[in-house]
Amino acid sequence: MKYEDYLIWRMGAGVLATIGLYSVLYKENKLYRFFEHVFLGLASGWTLVALWTETLQASWWDKMIGTATQDGKVVNGSWAYILLLPIGLMGYFVFSKKHNWMSRIPIGIILGLYSGQQIQVWWNTYGPQIAASAKPIFPTTFTSLTVPSKEGLTPEQIAIINGNVYTSQAVTNFLFVFTVLSVLSYFLFSFDVKNKALKFSTTSGRYLLMIGFGAIFGSTVMMRFTLLIDRMYFVFDEFLKQGILRR
Amino acid sequence: MDGNKLQSIPKPILYLLLILVTTIPLFADLSVPNKPQDAAIDLYAELMKLEPGSTILIASDWTGSTRGESKGAFRAIMKILMRRGVKVAFYSSADPQAPRVYQDALTELNKEHVAEGGKPYERWSDWVNVGFFPNAEAATNGISQDLKGAFTGRKDFPPGSVPKDVFASPVLEGKEKVEDFKMLLVITASKTSNITVERIYGKTPLAFAVTGVMVPETQVFYQAKQLVGFSGGLKGVLDLETLLETGVNYPDKATAKVKSEKYDTIEGFPGKKNKGQGTKYYPTLHFALAFMILLVVVGNVGMIMSKRQAAAGGAK
């Protein structure tokens, strides 16, 4: 079989799977079930092989038994890697009512390692964001409402512009800081909010969160549409127009 | 007209219409005006800053399920890197299928690159596949703390040879730690982007290419300067394709199609095949969104009509 023919067959299988999986939109049917099971089987088989060839073999087996390179060099293995096997196998005792306490040992090790990383993880994630949230909300100059163009200016003049807070920037920063504080105040659940200012802040926080969720939902919808467009492109353009009709 | 009918259009008809709306515009030569966002301009500028022969690390964590967005981003980014002769070490930690998927896309892209007169982008000497790591947290932590330990034992294929240790590749020559890479770029459709910030931020410049649904969370990292730039969703892909064509302040600030005060002139690649999925799909996306808005309006009109009809019926 020519390589081009193989590609057409391969794409044809993809098109058939696409139609099979989309057929559920009409109603639940056997064609959909068939392709769902084919997909699950393929994914499981691929994962199993990838886990061995790409992970366990390189990161554990080869390091335990040692390897020989093509140019005759020998890398000795280390017997200590065998100790990882019983620890890993203990995880499977979760299925035994009598011995499931053993499964807690590897889980405990993983939890311990994970917990130990969390201080660094938290700081790396939120430290810069907290710092970036502290923004100036008062303008330092009224020479211009917006940031002036820096085109054709000397580095000293640009430094002066960068060092100032213009009214438009101050307004933007105020909106940002107000959003941060009002959303934070919305999560004050531990006492009854009676203060009017705080009530205004928590209500604003709720509405701003809704706007945020709306934006997230909008992005999600656009993404799903893009994925559908790509599938249609695959079926009608790549397979039908460029594949079948050009032959 | 019965308002209830407008609210209960049969689903197969709606799906059929949706398929038509997302298919027919693909065959028309349409385009929409585009102004690249700052995040995409920053990503483009950072990629164009990389010197030929330097090496970056790419976490390719996308598969066929998000091909519509991720493949476009991958192709646009790799076009820049291939044309500039930047070397790449790839790894994946989100899905075992990811290495196969990006390699197929790279093969396709390499053919186009050679057809354009470019130097072949060779496995082993220009890029190397470090492979899949099954636990993103552990893998990223390993790369952050002990790159040598994390990648040791991984093998890839030199041309005409049996697999060899990835550190024997020219791509990873002299690379001992993650700081030795000029950039870590994560092309992802999953939370591996967050995990990368959590564990690697501050060690090497980070940049992302994420799917549309991840844009709001990624924007936060960008605003806090944890990322040097990012491409988000189909718009991000279109931005990169636009920048490939126009550059930034290129050929000069007066006549440039894309201007930015932040940068001097950054070249584009006019005359080459820069357009791709972003340019192709973006107009169609507008039709799909317009169709959805139309259906929302129809549903609401139907609801108002049925309420009025019910009220009129009750009055009788």
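Residues numbered from 1 in each chain as written. Chains lettered and ligands numbered in written order. Predicted model: local features only at pLDDT ≥ 70, side-chain atom pairs only at ≥ 80, totals over all residues. Heavy atoms only, no water.

Engineer: Even after reading the chapter, I still don't get the overall build of chain B, so can you show me in this structure?
Structural biologist: Broken down by element type, chain B carries 11 helices and eight strands. Its C-alpha atoms give chain B principal-axis dimensions of roughly 85 × 50 × 40 Å. Burial statistics for chain B: of 316 residues in total, 53% are counted as buried. Within chain B, contacts between residues separated by at least 24 positions form 71% of all contacts whose residues are at least 6 apart in sequence. (Helix = DSSP H or I, 4+ residues; strand = E, 2+ residues; numbered from the N terminus. Buried < 20%, exposed > 50% of the residue type's maximum accessible area, 1.4 Å probe, protein only. Contact = heavy atoms within 4.5 Å.)

Engineer: I keep staring at the overall build of chain A and nothing clicks. Help me out?
Structural biologist: The secondary structure content of chain A amounts to seven helices and two strands. Listing each helix as α and each strand as β along chain A from the N terminus yields α-α-β-β-α-α-α-α-α. A compact globule built from 247 residues should have a C-alpha radius of gyration of about 18 Å, whereas chain A, at 30 Å, is more than 25% larger. The dimensions of chain A, computed from C-alpha atoms along their principal axes, are 75 × 60 × 55 Å. Within the span of chain A, comprising 247 residues, buried residues form 25% of the whole. Excluding contacts between residues fewer than 6 apart, the proportion of contacts in chain A whose partners are at least 24 apart in sequence is 37%. Looking at chain A, you have 21 positive and 13 negative side-chain charges, and the mean spots of the two groups are 13 Å apart. (Rg over C-alpha atoms; globule rule 2.2 N^0.38 Å. Lys, Arg positive; Asp, Glu negative; His and termini not counted. Charge placed at Lys NZ, Arg CZ, Asp CG, Glu CD.)

Engineer: Looking at this structure, how should I read the sheet that holds strand β6 (residues 184-188) of chain B?
Structural biologist: Working definition: the strands of a sheet are paired by backbone hydrogen bonds and lie parallel or antiparallel to each other. Residues and elements named next belong to chain B. On the basis of which strands lie adjacent, the open sheet formed by six strands has the order β3-β2-β1-β6-β7-β8 and parallel pairing. The open sheet has two edge strands, β3 (127-132) and β8 (229-232), and neither has a second partner. For this sheet the average axis-to-axis angle between neighbouring strands, irrespective of direction, equals 15 degrees. Here strand β2 (residues 87-92) runs beside β3; their pairing, made up of five bridges, is parallel. Bridged to Val88 within β3 is Trp127. Lying on the sheet, helix α9 (residues 215-223) is in contact with β7 (206-210) and β8; it crosses β8 at an angle near 170 degrees. (Pairing = 2+ DSSP bridges. Axes fitted to C-alpha atoms, helices over the stretch in contact; angles between N-to-C directions.)

Engineer: Is there a simple way to think about the domain arrangement of chain A in this case?
Structural biologist: All names here are of chain A. Once the domains are mapped, chain A shows domain 1 (1-71), domain 2 (78-134) and domain 3 (135-247). A separation of 29 Å is found between the C-alpha centroids of domain 1 and domain 2. Listed as interface residues are four residues of domain 1 and, on the opposing side, five residues of domain 2. Where domain 1 abuts domain 2, roughly 430 Å² becomes buried across the two surfaces, and 67% of that area is made up of carbon and sulfur atoms. Three residues stand out in domain 1 for area buried against domain 2, namely Trp60, Lys63 and Met64, and they jointly supply 96% of the buried area on that side. Here domain 1 and domain 2 share zero salt bridges between them. The interface formed by domain 1 and domain 2 contains three residue pairs in polar contact (both at pLDDT 80 or more). Residues belonging to the side of domain 1 that touches domain 2 are distributed by class as follows: two nonpolar, one polar and one charged. (Domains from an automatic or database assignment. Buried area = accessible area lost by both parts, 1.4 Å probe. Salt bridge = Lys/Arg side-chain N within 4 Å of Asp/Glu carboxyl O. Polar contact = N/O pair within 3.5 Å; in protein donor to acceptor, adjacent residues only side chain to side chain. Nonpolar A, V, L, I, M, F, W, Y, C, P; charged D, E, K, R; others polar.)

Engineer: What should I look at first to understand the confidence of the model for chain A in this one?
Structural biologist: Low pLDDT means the predicted coordinates in that region are not meant to be read closely. Averaged over all residues, the pLDDT of chain A is 92; the fraction at 70 or higher stands at 99%. Within chain A, the element-level pLDDT minimum falls on strand β1 (residues 67-68) of chain A, averaging 80, and the maximum on helix α6 (residues 167-186) of chain A, averaging 95. (pLDDT = per-residue confidence, 0-100.)

Engineer: Quick question: what am I supposed to make of helix α4 (residues 104-133) of chain A here?
Structural biologist: Each turn of an α-helix holds 3.6 residues, which means side chains three or four residues apart point in the same direction. End to end, α4 of chain A covers 41 Å across 30 residues, agreeing with the expected 44 Å (1.5 Å per residue, within 8%). At Gln118 of chain A, α4 of chain A shows its largest kink, close to 40 degrees. Among all positions of α4 of chain A, only Pro106, Gln117, Val121, Asn124, Thr125, Gly127, Pro128 and Gln129 of chain A are buried. On its buried side, α4 of chain A packs onto α3 (84-90) of chain A together with α6 (136-145), α8 (192-200) and α9 of chain B. (Expected span 1.5 Å × (residues − 1). Bend = angle between axes of the 7 residues up to and from the residue.)

Engineer: Please explain the domain arrangement of chain B as it appears in this structure.
Structural biologist: Size of an interface, as often reported, equals the accessible area lost when the parts are brought together. Residues and elements named next belong to chain B. Under the domain assignment, chain B is made up of domain 1 (1-30 + 277-316) and domain 2 (34-275). The gap between the C-alpha centroids of domain 1 and domain 2 is 39 Å. Across the boundary between the two partners, domain 1 contributes six residues, which contact 11 residues of domain 2. Of the roughly 750 Å² buried between domain 1 and domain 2, counting both surfaces, carbon and sulfur atoms make up 64%. Our enumeration of links across domain 1 and domain 2 arrives at zero salt bridges.

Engineer: Any chance you could explain the environment of Asn249 of chain B here in plain terms?
Structural biologist: Residue and element names in this part refer to chain B. Note that Asn249 resides in the loop between α10 (233-246) and α11 (277-315). In this structure the C-alpha to C-alpha distance between Asn249 and Thr204, which are 45 residues apart in sequence, comes to 27 Å. Leaving out residues up to four positions away in the same chain, Asn249 has contacts with Ala256, Val258, Lys259, Ser260, Tyr263, Asp264 and Thr265.

Engineer: Where do I start with the packing of aromatic side chains in this structure?
Structural biologist: Here a ring pair, both rings aromatic, is described through the centre-centre distance and the interplanar angle of the planes. Residue and element names in this part refer to chain B. Under the definition given, this model contains 22 aromatic pairs over all chains. Between the NZ or CZ atom of Lys148 and the centre of the ring of Phe167, over which it lies, the distance is 4.2 Å. Here Arg154 stacks its cationic end above the ring of Phe133, 3.9 Å away from the centre of that ring. (Phe/Tyr/Trp six-rings, centres within 6.5 Å; stacked < 30°, edge-to-face > 60°. Lys NZ or Arg CZ within 6 Å of the ring centre and 35° of its normal.)

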